[in-house]
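Spelled out from the first residue to the last, the chains are:
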Amino acid sequence: MLAKRVGILTSGGDAPGMNAAIRTAVRSALHFNLEPWGIYRGYHGLINGELEPMDSRAVSGIIQRGGTILKSARSEHFKTPEGRAQAVDMLRRHEIDSLLVIGGDGSLRGALSLQQEGITVVGIPATIDNDIPCTDYSIGFDTAVNTVMDAVNKIRDTASSHDRVYLVEVMGRHSGHIALYSGLACGADVILIPEVPYDLDQVCQQIQKAAQAGKTYNIIVVAEGVRRIGGGNGTTSPAMQIGRYIEEKAGIETRITILGHIQRGGVPTVRDRLLASRLAYHAIELIFRGVGGKMVGEVDQVVKAFDLDYALAQEKQLNPDYRRLAAVLASL
Ligand code: F6P
């Protein structure tokens, strides 16, 4: 059955470019004579009825803004059968028969669960972590990596003025895509990511050997999800632990910068704006044709629709070229 009303929501960690996706989704829906409804605060807002119709003017002046005008939230209740039933009921009460979900892994899993309840749902990958399979980039990743690059460029200024080791901790949850891409782009001396085991004594030896050869400072990019020293839980900062270890073992002063949530904001890059617009358009076109249960991604610059259950069952791999490059240039 062809869709008439389409709900649009953003969910999970916000990402630069989400507003570009919302803008294109609303205007594409109107192009296909669908009625776009904005749902605020993700699945949490859907359950609580925080939704309203949107027109073209509702999305003017947002393409250049980070964050999401629909706000986002995480919802434990939606993960329960009762929560999902409430979400479906809210959609049905507003005669919204289709949904565009803009978000990361958890959000897309929620999309699949609503598809299984009979709602026509299409998801597009939006997370700075870039840990979503079946798409080269997720919305937000390019902007985040550029944000990290700008920060590390500034750190390199002070690093070149002092004989220290500088550790920069970046986001990525359990993945190392942000660290790998930004570390390569910034010429980091060492890149530590969850996907590749590391040996701190080897890192110390490398730093000491370089110092003997006259290298006066080092930059180490650390993904937040790397193994902690001594196991430890996820709350300790790995960069702090690693920095202390290097200072004690290599006898070299260290300084640590944890970039945190600045990686989630900022003006979306051209790449993120175009990716967001492209994916949102194709997702709305699928919904217009009554095709649901899909995730729209961009692979080798071609837009492709994958079954959501297939996409979510895959494992996102690190770019092998960059992984090899980092092994040569940054002791990965
Ligand atoms: O998933 C995006 C992300 O920024 C991760 O990189 C990070 O670990 C997490 O969200 C932080 O979550 P929150 O914004 O809830 O603190």
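Please read these numbers as outputs of a predicted model, since none were measured by experiment.

(A) Main features of the pattern of salt bridges. Per the counting criterion, the structure on display carries 15 salt bridges. Note that Arg264 and Asp14 form a salt bridge whose closest N and O atoms lie 2.8 Å from each other. Taken together, the residues Arg264 in the loop between β9 (254–258) and α9 (270–288) and Asp14 in the loop between β1 (5–11) and α1 (18–31) connect sequence positions 250 residues apart. For Glu50, the salt bridge goes to Arg41, with nearest N and O atoms at 2.6 Å. Residue classification places Glu50 among the partly exposed positions, given a relative accessible area of 25%. A relative accessible area of 31% places Arg41 in the partly exposed class. In the salt-bridge network here, residues are joined through shared partners; they are Arg164, Glu253 and Arg255.

(B) How the structure looks around the sheet that holds strand β11 (residues 302–307). The strand order across the open sheet built from seven strands is β3-β2-β1-β4-β5-β10-β11, with neighbouring strands paired in mixed fashion. On the outer flanks of this sheet lie β3 (51–53) and β11, each paired with one strand and no other. On average, adjacent strands in this sheet sit at an angle of 25 degrees to one another, irrespective of strand direction. As judged from the six bridges shared by β1 and strand β4 (residues 98–103), these two strands associate in the parallel manner. Note that in β4 the partner of Thr10 across the bridge is Ile102.

(C) Up close: the site of the ligand. Within the structure, the ligand sits among Arg74, Thr127, Ile128, Asp129, Met171, Gly172, Arg173, Glu224, His261 and Arg264. With respect to the ligand, the side chain of Arg173 contributes an N or O atom lying 3.3 Å from an oxygen atom. In isolation the ligand has 400 Å² of accessible area, and contact with the protein removes 75% of it. Here the residues of the shell around the ligand sort into two nonpolar, three polar and five charged. For the shell around the ligand, the domains that each give at least three residues are domain 1 (5–139 + 268–313) and domain 2 (142–264).

(D) Seen up close, the nonpolar core. Membership of the largest hydrophobic core comes to 82 residues, with the highest contact counts inside it found for Leu100, Ile102, Ile124, Ile220, Ile242 and Ile246. When neighbours within four sequence positions are excluded, Ile220 is seen to be in contact with Val165, Tyr166, Leu167, Val168, Val190, Leu192, Val203, Ile207 and Ile246. In this structure, Phe78, Met90, Val101 and Val299 belong to the second largest nonpolar core, which totals 29 residues.

(E) Expanded view of helix α8 (residues 238–250). Between its first and last C-alpha atoms α8 spans 17 Å; for 13 residues at 1.5 Å apiece the expected length is 18 Å, and the two agree. Within α8 the residues assigned to the buried category are Pro238, Ala239, Gln241, Ile242, Gly243, Ile246 and Ala250. Elements in contact with the buried residues of α8: β6 (165–170), β7 (190–192), α7 (200–212), β8 (218–223) and β9. Backbone geometry just downstream of α8 places Gly251 in the positive-phi region, at approximately 65 degrees.

Cut-offs applied
Residues numbered from 1 in each chain as written. Predicted model: local features only at pLDDT ≥ 70, side-chain atom pairs only at ≥ 80, totals over all residues. Heavy atoms only, no water. Salt bridge = Lys/Arg side-chain N within 4 Å of Asp/Glu carboxyl O. Helix = DSSP H or I, 4+ residues; strand = E, 2+ residues; numbered from the N terminus. Buried < 20%, exposed > 50% of the residue type's maximum accessible area, 1.4 Å probe, protein only. Pairing = 2+ DSSP bridges. Axes fitted to C-alpha atoms, helices over the stretch in contact; angles between N-to-C directions. Near = heavy atom within 4 Å. Polar contact = N/O pair within 3.5 Å; in protein donor to acceptor, adjacent residues only side chain to side chain. Areas by Shrake-Rupley, 256 points an atom, 1.4 Å probe, with all protein chains shown as cover. Nonpolar A, V, L, I, M, F, W, Y, C, P; charged D, E, K, R; others polar. Domains from an automatic or database assignment. Core = buried A, V, L, I, M, F, W, Y, C linked by side-chain atoms within 4.5 Å. Contact = heavy atoms within 4.5 Å. Expected span 1.5 Å × (residues − 1).

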